[in-house]
Amino acid sequence: MFESNAPPSKSHVNRTSVIVTLSDGTAVNLAIRLTMTSKLADALNNTDHFLDVLDTEGRQTFIAKQAVRKVELLDAPRASLNIQRRSTDRAVFDPYAVLGVDKESNAAAIRQAYHDLVRKYHPDQFANYHLPKEMMDYAAAMLVRINLAYEQIGS
């Protein structure tokens, strides 16, 4: 009696960001719609023949499961819940550790590490994926740390 034929709102759809390698070897970044259990394995192993995905432009597409060779979770940054560690991090900020380079690294290596991290953590990377606010805030905070580190040692 109260059912609607309208599609559910995108904000209520739970998705996870993955890299899907197709049978032809093509790898694409997508957001797969998860089942009610919110487990990727359940979405991949259920009886549906197609995966409901969003591409990086936010367009909804359906991919035949038989065309999928491999699915990898994108590395979501893990926020530390150790508050004491966070406070000591402020006192001992090591820009080389933030960028993941040695102190003897040349300017080109530092610049490359900086650009790689900006691509990985820039909030625009996650804009089309319906991620929790905490993850978006974490990506923004990481970008601030990355920019600060590059300002201190970059050329």
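Okay, so let's go over this structure. Source: prediction; values computed, not measured. (Residues numbered from 1 in each chain as written. Predicted model: local features only at pLDDT ≥ 70, side-chain atom pairs only at ≥ 80, totals over all residues. Heavy atoms only, no water.)

Description of helix α5 (residues 133-153)
Here comes step 1: For α5, spanning 21 residues, the distance from its first C-alpha to its last is 31 Å, which sits close to the expected 30 Å at 1.5 Å a residue.
Here comes step 2: Listing the buried residues of α5 in full gives Ala 139, Met 142, Leu 143, Ile 146, Ala 149, Tyr 150 and Ile 153. Viewed end-on, α5 has its buried residues packed into an arc of 130°, placing them on one side of the element. Exposed and facing more than 90 degrees away from the buried side of α5 are Lys 133, Glu 134, Val 144 and Glu 151.
Here comes step 3: Where α5 is buried, its residues meet α3 (95-99) and α4 (107-121). (Helix = DSSP H or I, 4+ residues; strand = E, 2+ residues; numbered from the N terminus. Expected span 1.5 Å × (residues − 1). Buried < 20%, exposed > 50% of the residue type's maximum accessible area, 1.4 Å probe, protein only. Arc of directions from axis to C-beta. Contact = heavy atoms within 4.5 Å.)

Observations concerning the environment of Asp 42
Here comes step 1: Examined against the element boundaries, Asp 42 turns out to sit in helix α1 (residues 40-45).
Here comes step 2: Residues contacting Asp 42, with those up to four places away along its chain left out, are Thr 35 and Thr 37.

Concerning the pattern of salt bridges
Close approach of charged atoms allows side chains of opposite charge to pair.
Here comes step 1: As enumerated under the stated definition, the model contains 5 salt bridges in all.
Here comes step 2: With its nearest N and O atoms 3.2 Å apart, the salt bridge here joins Asp 52 to Arg 15. A residue pair is termed long-range when its members are at least 10 positions apart, and Asp 52 in strand β3 (residues 50-54) and Arg 15 in strand β1 (residues 15-22) qualify at 37 residues.
Here comes step 3: In this structure, Asp 55 engages Arg 59 in a salt bridge whose closest nitrogen and oxygen atoms are separated by 2.9 Å. (Salt bridge = Lys/Arg side-chain N within 4 Å of Asp/Glu carboxyl O.)

Some details on the nonpolar core
Here comes step 1: Of all hydrophobic cores here, the largest spans 15 residues; its most connected members are Leu 99, Val 101, Ile 110, Tyr 114 and Ile 146.
Here comes step 2: Of all the elements in the fold, those that place two or more residues in this core are α3, α4 and α5.
Here comes step 3: The contact partners of Ile 146, leaving out residues within four places of it in the chain, are Val 98, Leu 99, Tyr 114, Leu 117, Val 118 and Tyr 121.
Here comes step 4: Formed by 11 residues, the second largest nonpolar core is a distinct cluster that contains Leu 30, Ile 32, Ala 43 and Leu 51. (Core = buried A, V, L, I, M, F, W, Y, C linked by side-chain atoms within 4.5 Å.)

Re the side chain of Thr 21
Here comes step 1: Assignment of secondary structure puts Thr 21 in strand β1.
Here comes step 2: Once residues lying within four places of it in the same chain are set aside, the contact partners of Thr 21 are Thr 26, Ala 27, Val 68, Arg 69, Lys 70 and Glu 72.

What about the packing of aromatic side chains?
Here comes step 1: The tally for this structure, following the rule as stated, stands at 1 aromatic pair.
Here comes step 2: Pairing Tyr 114 with Tyr 150 gives two aromatic rings, centres 4.1 Å apart and planes at 15°, and the pair type is stacked. Taken together, the residues span a long stretch of sequence, with Tyr 114 in helix α4 and Tyr 150 in helix α5 at a distance of 36 residues. Comparing Tyr 114 with Tyr 150 shows no difference in burial state: the two are buried. (Phe/Tyr/Trp six-rings, centres within 6.5 Å; stacked < 30°, edge-to-face > 60°.)

What to know about the sheet that holds β3
Here comes step 1: Strand order in the open sheet formed by 5 strands is β4-β3-β2-β1-β5, and the pairing between neighbours is antiparallel. If you trace the sheet from one side to the other, it starts and ends with β4 (60-64) and β5 (68-73), each paired once. Adjacent strand axes in the sheet meet at a mean angle of 45° when their direction is disregarded.
Here comes step 2: Where strand β2 (residues 27-33) meets β3, 2 bridges bridge the pair, whose relative direction is antiparallel. Bridge pairing in β3 places Ala 31 opposite Leu 54. (Pairing = 2+ DSSP bridges. Axes fitted to C-alpha atoms, helices over the stretch in contact; angles between N-to-C directions.)

Comments concerning the packing of α4 against α5
Here comes step 1: Where α4 contacts α5, the axes come no closer than 9 Å and their chain directions differ by 165°. The angle between the axes of α4 and α5 places the two elements in the roughly antiparallel class. Classified by chirality, the crossing of α5 by α4 is left-handed. Facing Ile 110, Arg 111, Tyr 114, Leu 117, Val 118 and Tyr 121 of α4, the residues of α5 in contact are Tyr 138, Ala 139, Met 142, Leu 143, Ile 146, Asn 147, Tyr 150 and Ile 153.
Here comes step 2: Each residue belonging to the contact of α4 with α5 can be placed in one class, and the counts come to 12 nonpolar, 1 polar and 1 charged. (Parallel < 35°, antiparallel > 145°, perpendicular 65-115°, else oblique. Left-handed = near helix turned anticlockwise from the far one by under 90°. Nonpolar A, V, L, I, M, F, W, Y, C, P; charged D, E, K, R; others polar.)

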